[in-house]
Amino acid sequence: MQDKDAEELEIGDFIRTLKARHGYDFAQYAPASFKRRLRALRVRTGAASISALSRRVTDEPAFLRQVLAGLSVPVSEMFRDPWVFEALRREVLPILASYPRIHIWQAGCAHGEEVYSLAILLQEEGLYDKSQIFATDLNDVALEEAAEGIYAASSARLFSENYQRAGGRYSLSDYFHARYERIKFDESLKRNVTFASHNLSTDGVFAEVQLILCRNVLIYFNDALQNRVLQLFRDSLVHKGFLCLGSKETLAHTTVERDFDAFDLPARLYRRHAPR
Amino acid sequence: MRHASPAQRVVAIGASVGGLEALKQVLGALPADYPWPVIALLHTSAGYRGTRLDTLLAQRCALPVREAEARRPLESGVVHLAPAGYHLLVEQDLRFSLSVDEKVSYVRPSADVLFESLAEAVGAGAIGVILTGANDDGAAGLAAIRARGGLAIVQDPQEAQAPQMPQAALRIAGADHVLPLAAIGARLAALPRESA
Ligand SMILES: C[S@@+](CC[C@H](N)C(=O)[O-])C[C@H]1O[C@@H](n2cnc3c(N)ncnc32)[C@H](O)[C@@H]1O
């Protein structure tokens, strides 16, 4: 399969170019889905080949934004896996309530769907005023959209259903305005949210927090990068702080397995304990 | 635990509407000492708690049925089930990976995504099976398997509960075998002996 080998080489070259030129390292991403996204990016940008994409990355610094937006996957929904948010509300927020200030890190926040979900939970539990949410992602285009809080009206039904199943107290539509084909969430929901660019592959600890929500991001990483990121999370959490992963992600077989206790496994909630 | 080696063959089965019964029948025909990994992908409505598809399928199957997990290796003699709501892919090193990338052919998990990654990972070792379903998913993936010399088996559309998926597969990819459901499991069970 000569074509296949040629493409492999071009992909390797693309990854090296992106790293050398801009410092973004995709070498530690799971290759099969990365390749799909890279091919889709090539088609979408009209590049004749992956090599042509590499040349554009070299020649046009402004192209980087588009590349990062294409290679990351800002696919999300509000209250995805509603039982997780139900568990956060019932089991975690009452514990966080005892802190004078609550700091939460939402890593890989995509278009902000989970940020607004969290903000609503905190609001309904009467904790929002003393909370601060750091919402980070590597994709600046997605971050800008996250700060807008605007979604397609066609998502409203799924979001609302999820919200109800997550134990929502009111109606999700109380929190947004529908306009044309869009829904926009209340500005007040982001008054304690900081949206910031942060690359889990290369950046470090920036705050001490009591809860980290990082869902459906680790599935894209290889073992080494996953372990790096989990160590970063461990080092960012206060003693007895909580880590919430995606429903198909786990601390089993990782290097931080023994730094955490399982708190609610179906909800993928772990709790950091002091070094033993 | 026997891990799959690169020369390994891998069976991947895609099914949609009517697929649960169809899968039970096919998997039920595989012997307990089946030498290859098997991957089963069924379109379901994603995300609700307590879906025990693995238990449902295991009832009639001599092989262990387990949900596929990210970064874990494919295992011979195990039926790996694609989790609801995630694309399932096979890496070159014969480990699984998961993604929540956009839906493909309107579905996630998509058989196209699974089959295409499998074709790239094991080339001619891939055995793709398309069963009943009411969309076109799997057709492009089966074409990718055939393009790399793998084997394609498609359920006879005439007897499929929903013929569209087998029809699309035959139109776009063609097949090495077009068989009624009752014969597909037996065919899969016979393949290891023939290729030994
Ligand atoms: C599939 S989304 C997850 C969204 C949300 N957490 C959820 O589960 O619905 C994955 C997100 O991770 C981000 N991401 C990928 N690699 C990253 C990295 N190295 N650093 C920070 N964010 C990253 C992507 O940009 C994308 O927005």
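Read on for an overview of the structure. (Residues numbered from 1 in each chain as written. Chains lettered and ligands numbered in written order. Predicted model: local features only at pLDDT ≥ 70, side-chain atom pairs only at ≥ 80, totals over all residues. Heavy atoms only, no water.)

1. Some details on the sheet that holds strand β3 (residues 150-152) of chain A
Residues and elements named next belong to chain A. The antiparallel open sheet is built from 3 strands, whose spatial order is β3-β5-β4. The two strands at the open ends of the sheet, each matched to only one other strand, are β3 and β4 (176-179). Going from strand to strand, the sheet's axes swing by 25 degrees on average, the running direction of each strand aside. As defined by bridge partners, β3 adjoins strand β5 (residues 182-185) across 3 bridges and the pair is classed as antiparallel. Looking at the pairing, Ala152 lines up with Arg182 of β5. (Pairing = 2+ DSSP bridges. Helix = DSSP H or I, 4+ residues; strand = E, 2+ residues; numbered from the N terminus. Axes fitted to C-alpha atoms, helices over the stretch in contact; angles between N-to-C directions.)

2. Topic: the site of the ligand
Neighbouring the ligand are 22 residues, the closest being Tyr29(A), Ser76(A), Asp137(A), Leu200(A) and Asn216(A). Around the ligand the close residues trace back to chains A and B. One of the backbone nitrogen or oxygen atoms of Ala110(A) is found 3.5 Å away from an oxygen atom of the ligand. Between an oxygen atom of the ligand and a side-chain N or O atom of Asn216(A), the distance comes to 2.9 Å. (Near = heavy atom within 4 Å. Polar contact = N/O pair within 3.5 Å; in protein donor to acceptor, adjacent residues only side chain to side chain.)

3. Remarks on the packing of helix α2 (residues 31-45) of chain A against helix α4 (residues 63-71) of chain A
Residue and element names in this part refer to chain A. Two numbers describe how α2 lies on α4: the axes approach to 9 Å, and their chain directions differ by 135 degrees. Viewed along their axes, α2 and α4 adopt a mutual orientation that is oblique. Between α2 and α4 lies a crossing whose hand is right-handed. Packed against α2, whose contacting residues are Phe34, Arg37, Leu38, Leu41, Arg44 and Thr45, the element α4 presents Phe63, Gln66, Val67, Gly70 and Leu71 at the interface. Of the residues that constitute the contact of α2 with α4, the class distribution is 6 nonpolar, 3 polar and 2 charged. (Parallel < 35°, antiparallel > 145°, perpendicular 65-115°, else oblique. Left-handed = near helix turned anticlockwise from the far one by under 90°. Contact = heavy atoms within 4.5 Å. Nonpolar A, V, L, I, M, F, W, Y, C, P; charged D, E, K, R; others polar.)

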